[in-house]
Amino acid sequence: MSELILDAPEPQEEEMMMGTAVSDDPVARAAALLKERFPDAVSDDPRDGYSGVMVSADKLVEVATALRDDFGFNYLSSVTGVDLLSENKLEAVYHTYSLDQGGDALVLHVQVDRDNPSIPSLVPVWPGADFQEREAWDLIGIHFEGHPDLRRILTWDGFNGHPLRKDWKEAFFEEEKKPFGSRWPDGGVFRAEEKNPFGKNVQYPPGWQPTGNEYDVETDMYLPGETHVVDPGTGIKTDQVTVNIGPQHPSTHGVFRMVVVLDGETVVDLKPVMGYLHRNHEKIGERNTFIQNIPYTDRLDYLASMSNNHGYVLAVEKLFGMEVTERAEWLRILMVELTRICNHLWALGFLLNDLGALQTPMLYFYLERELILDFFEATAGSRMMCNYMRFGGVAYDLPDDVRGTPTMQFLEELIYGNIPRVLEQGDQLMTGNEIVRARSIGVGVLSREDAIAYSTAGPVLRASGVQYDVRRANPYSFYPHLDFDIPVRFNGDVMDRYDIRMEEMRQSLRILQQVLPHIKATAGQKINSDKPQYALRAPRAGEAYGRVENPKGELGYYITARRREGNPDRYHVRAPSFINLTPLGKMCQGHKVADIVVILGSIDIVLGEVDR
Amino acid sequence: MYGTGILKGMAVVMKHFVNSYLDDFSWAARGGRYYNDEALQVRQGVKGRGVKTVFYPEEKLDVPERFRFVPFLVTDDPPPGQKWGKDWCTSCGICAKVCPPQCIWIERGKQPNGRPKPEPNAFFIDIDICMNCGFCMEFCPFDAIKLDHDYELASYNRTTAHIHDKERLSKPLSYWREIAPKKAAAEEAARNFVEEAKAKKKARQAGDGEPDPTLADEHARQLMYRGDTY
């Protein structure tokens, strides 16, 4: 550690831990209490390298309710499934957190028979489990009993099988694991479509007809029910209209569809339909070796690729027990905070666009973003697909110059000049603007209770009055050494979400101003604790969950591996954009059509991450 | 007062409007602001205040040295009259193994007696699959595969033109020196350094107590992982 760090404020974690014994950490305490209350249903996970508790499926809802109401673990962050083919079992994994106490997750593992995988749904306890359970049903095939609407979510209804099961093979299947034997030493080049020509690469489930199924009108599938309403005053029968907004629509930020039931101009119900950009990132990730996943994570939330890298390398470093050098940590924070500013500039520019101020004001926000991307390009080699972080550090040191300016000077100009200027300009342009205020105050309100129950994260959660940020609640990297605030707003409307992003950029600037001296002080030091290795193997079996505060919210990577294996056994991404969409319907109800676009814009989604 | 917010916003727009013309005046005496390499650098840098538009393809932004796009294979500088020199690639296959989308196909060279020869018989990269991650360059122990700066690869037929063979991929070392001078110099220094370190080690064993050499910082900082491979 450099001398500078000694002057930095003490990590908060230690203060929190003072006066309490180690065994008293909230996760262990809650786990012990759970075991006491449900002696038959809850037990320690016996497997090596796994944390958390094993819960029997029939008692899951009771355990979850007790966890939420009595033990303070009121936030269900991630729901996913794992296929344990060799044991003929499927496993559901739940990560629950305490929003008040912070700290690590209490992980619930539920194992069921692979041939009859049925687990009670947690939607009645946490509505935020809705989309995630649908995803687990879609991709792994775990049947969640009592789920109100258990349909496929990322793949379409004519899809055959559950692709994340270990015995499922894609149309262009070559081998279970990379690297493929056909590439070397006798590589004869071929294109995948030569082996499996287009038109013959699709399989339908048995009995499924591509045309004419149980639904007459496609929208029936999404919003069944009565479409006529009788006006109570006059007794006149009026029609409700179902409208598809998207998938090809400029205001949906990508290929995304909203099925809306309208009464006149007012939204009665809304359901998001997604998956048009689905490429089964997780299956690809399980075929990949550990290092091959890094560039793929760039493509999730492509506006914040540095943060995506960070979450993934944290998870793998946890699994491997790797150290990170000091300079690498500072470089990572520098990159991640610049990414946050980048992303929020984009989000706010697009929010203006969604409000109807087309194109021009949006570009005013992007001018400075352009400079940050120039810096990324000069450092990492690519503007958006950075592929910058490696296990144990980062790939490159800072370059000598960016666009003809020496790097440190460029960064100082950026951090003390250009970015504060663009924030001030954004303030002038938006914050006081009467049209913006009229369109955004009181629109898309999400109450504190709903924000927690729906598992929202990031700016959406904090705009609803929950001061929860992974950087403080469960610190990673050097964030405990840095001085910054977690902004929070209490109305939970579009204006507050805008405000939070503005304030977060100011806080990121504060962090960057503290990071710059460290970058200078550590110049010339090692940026990676390890030698470059292309064939890393897991030193132990087990699971790891790495999470970071991505600009969009909590980005988590759940990885399990077997000992001496070069590929992850299960690779799951807790995608904040995807989960933040769960309460979209609720937020839009009662508003006008034009407000849907604004509310969606205020959630700030990236379809690369939603659809994965 | 109601309406001041909008007026403030208008002022921002006005400022941008005026700034875009100020650039015209300030560059008027120095060859104008468009189609002028010097002006382009300033307009795009931290000091740029006016219009940032780049008139591609007449104007092109310089790409930084580390920019990466579709790999090429390094060969020795060609003897006069030839296009390429000797391949640096030894067909060890590391790039094909590490490639995340598996877009590299290598056919290892064979000696007449059937044993492997350290050069590729054939080398293919499907550029439709390549994701420009740069891992092949990062892990190549022989500095033989590098990421290119040529990003204008559009063609009319993807089935024939987008699978690059060895002929299409090979480029001489002088080309790599031209597009990435600092990195090429650093790699050269690192290769010499390895030789030097070996020599020193031999000398030390022979009783000559010279200290270990170190790679100069200006070179080390250009290399990935700060040149820990060397």
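Caption draft 1: Main features of a nonpolar patch on the surface. There is a patch of nonpolar side chains on the surface, built from M14, F17, V18, Y21, L22 and F25 of chain B and spanning about 660 Å² of accessible area. Within the secondary structure, F25 of chain B sits in helix α1 (residues 4–28).

Caption draft 2: Examining the confidence of the model for chain A more closely. The share of residues in chain A with pLDDT of 70 or more is 93%, and the mean pLDDT across the chain is 85. Predicted confidence is poor over residues 1–22 of chain A, with pLDDT under 50, and the contacts of this stretch with residues over four places away or in other chains come to 21 contacts.

Caption draft 3: Focus on the environment of I599 of chain A. All names here are of chain A. Tracing the backbone through its elements, the reader meets I599 in helix α21 (residues 593–603). On a C-alpha basis, the gap between I599 and V93 in space is 31 Å, while along the polypeptide they are 506 residues apart. Apart from residues lying up to four places away in sequence, I599 is in contact with V443, G444, V494, L584, M587, C588 and H591.

Caption draft 4: The sheet that holds strand β19 (residues 542–550) of chain A, seen in detail. Residues and elements named next belong to chain A. Reading across from one edge, β19-β20-β21 is the order of the three strands in this open sheet, with antiparallel pairing throughout. Each end of this open sheet is capped by a strand with a single partner; those strands are β19 and β21 (570–574). Averaged over neighbouring strand pairs, the angle between their axes works out to 10° when direction is ignored. Direction of pairing for β19 relative to strand β20 (residues 553–561): antiparallel, over a ladder of nine bridges. Considered in β20, the bridge of V548 is made with L555.

Caption draft 5: Local environment of the pairing of β21 of chain A. The buried fraction of β21 of chain A is high, at five of five residues. Along β21 of chain A, one buried face is formed by R570, H572 and R574 of chain A and the opposite face, lined by Y571 and V573 of chain A, is buried too.

Caption draft 6: Geometry of the sheet that holds strand β13 (residues 257–263) of chain A. All names here are of chain A. Across the sheet, three strands lie side by side as β10-β13-β14; this open sheet has antiparallel pairing. Across the chains shown, the open sheet's two edge strands, defined by having one partner strand only, are β10 (241–245) and β14 (266–273). Averaged over all neighbouring strand pairs, the angle between strand axes comes to 20°, with direction disregarded. Alignment of β10 against β13, held across five bridges, turns out to be antiparallel. Bridge pairing in β13 places V241 opposite L262. The sheet strands contacting α21 are β10, β13 and β14, and the helix crosses β13 at an angle near 145°.

Caption draft 7: Broad picture of the domain arrangement of chain B. Considered domain by domain, chain B is made up of domain 1 (1–62), domain 2 (71–176) and domain 3 (183–226). Relative placement of domain 1 of chain B and domain 2 of chain B: their C-alpha centres are 42 Å apart.

Caption draft 8: Focus on the nonpolar core. Y94 and L334 of chain A together with I104 of chain B are the most contacted members of the largest nonpolar core, which totals 212 residues. Judged by nonpolar contacts, the second largest core, of seven residues, contains A190, F193, L215 and L223 of chain B.

Caption draft 9: A look at the interface of chain A and chain B. Taken together, the contact pairs 68 residues of chain A with 62 residues of chain B. Between chain A and chain B we count four salt bridges in total. The residue D401 of chain A makes a salt bridge to K182 of chain B at a minimum N-O spacing of 3.6 Å. Taken together, the connections running from chain A to chain B amount to 28 residue pairs in polar contact (both at pLDDT 80 or more). Where the side of chain A that touches chain B is concerned, the elements lending two or more residues are α9 (293–298), α12 (360–380), α13 (407–431) and α14 (434–440) of chain A.

Caption draft 10: Structural context of the packing of helix α11 (residues 326–355) of chain A against α13 of chain A. Residues and elements named next belong to chain A. Where α11 meets α13, the closest approach of the two axes is 12 Å, and the angle between their N-to-C directions is 25°. Here α13 runs roughly parallel to α11, going by the angle between their axes. Here α11 and α13 pass one another in a crossing that is left-handed. Between α11, through L334, L338, I341, L345, L348, L351 and L352, and α13, the contact on the second element is made entirely by L411, L414, I419, V422, L429 and M430. Here the contact of α11 with α13 is composed, by residue class, of 13 nonpolar, no polar and no charged.

Caption draft 11: Looking closely at the pairing of strand β2 (residues 104–110) of chain B. All names here are of chain B. One ladder, built from seven bridges, connects β2 with strand β3 (residues 116–126); its direction is antiparallel. If you follow R108 over to β3, its bridge partner there is P120. Between β2 and the antiparallel strand that follows it, β3, lie five residues; G114 among them carries a positive phi value of about 90°.

Cut-offs and rules
Residues numbered from 1 in each chain as written. Chains lettered and ligands numbered in written order. Predicted model: local features only at pLDDT ≥ 70, side-chain atom pairs only at ≥ 80, totals over all residues. Heavy atoms only, no water. Patch = residues over 30% accessible without salt bridge, like charges linked within 9 Å, V, L, I, M, F, W, Y side chains within 5 Å. Areas by Shrake-Rupley, 256 points an atom, 1.4 Å probe, with all protein chains shown as cover. Salt bridge = Lys/Arg side-chain N within 4 Å of Asp/Glu carboxyl O. Helix = DSSP H or I, 4+ residues; strand = E, 2+ residues; numbered from the N terminus. pLDDT = per-residue confidence, 0-100. Contact = heavy atoms within 4.5 Å. Pairing = 2+ DSSP bridges. Axes fitted to C-alpha atoms, helices over the stretch in contact; angles between N-to-C directions. Buried < 20%, exposed > 50% of the residue type's maximum accessible area, 1.4 Å probe, protein only. Domains from an automatic or database assignment. Core = buried A, V, L, I, M, F, W, Y, C linked by side-chain atoms within 4.5 Å. Polar contact = N/O pair within 3.5 Å; in protein donor to acceptor, adjacent residues only side chain to side chain. Parallel < 35°, antiparallel > 145°, perpendicular 65-115°, else oblique. Left-handed = near helix turned anticlockwise from the far one by under 90°. Nonpolar A, V, L, I, M, F, W, Y, C, P; charged D, E, K, R; others polar.

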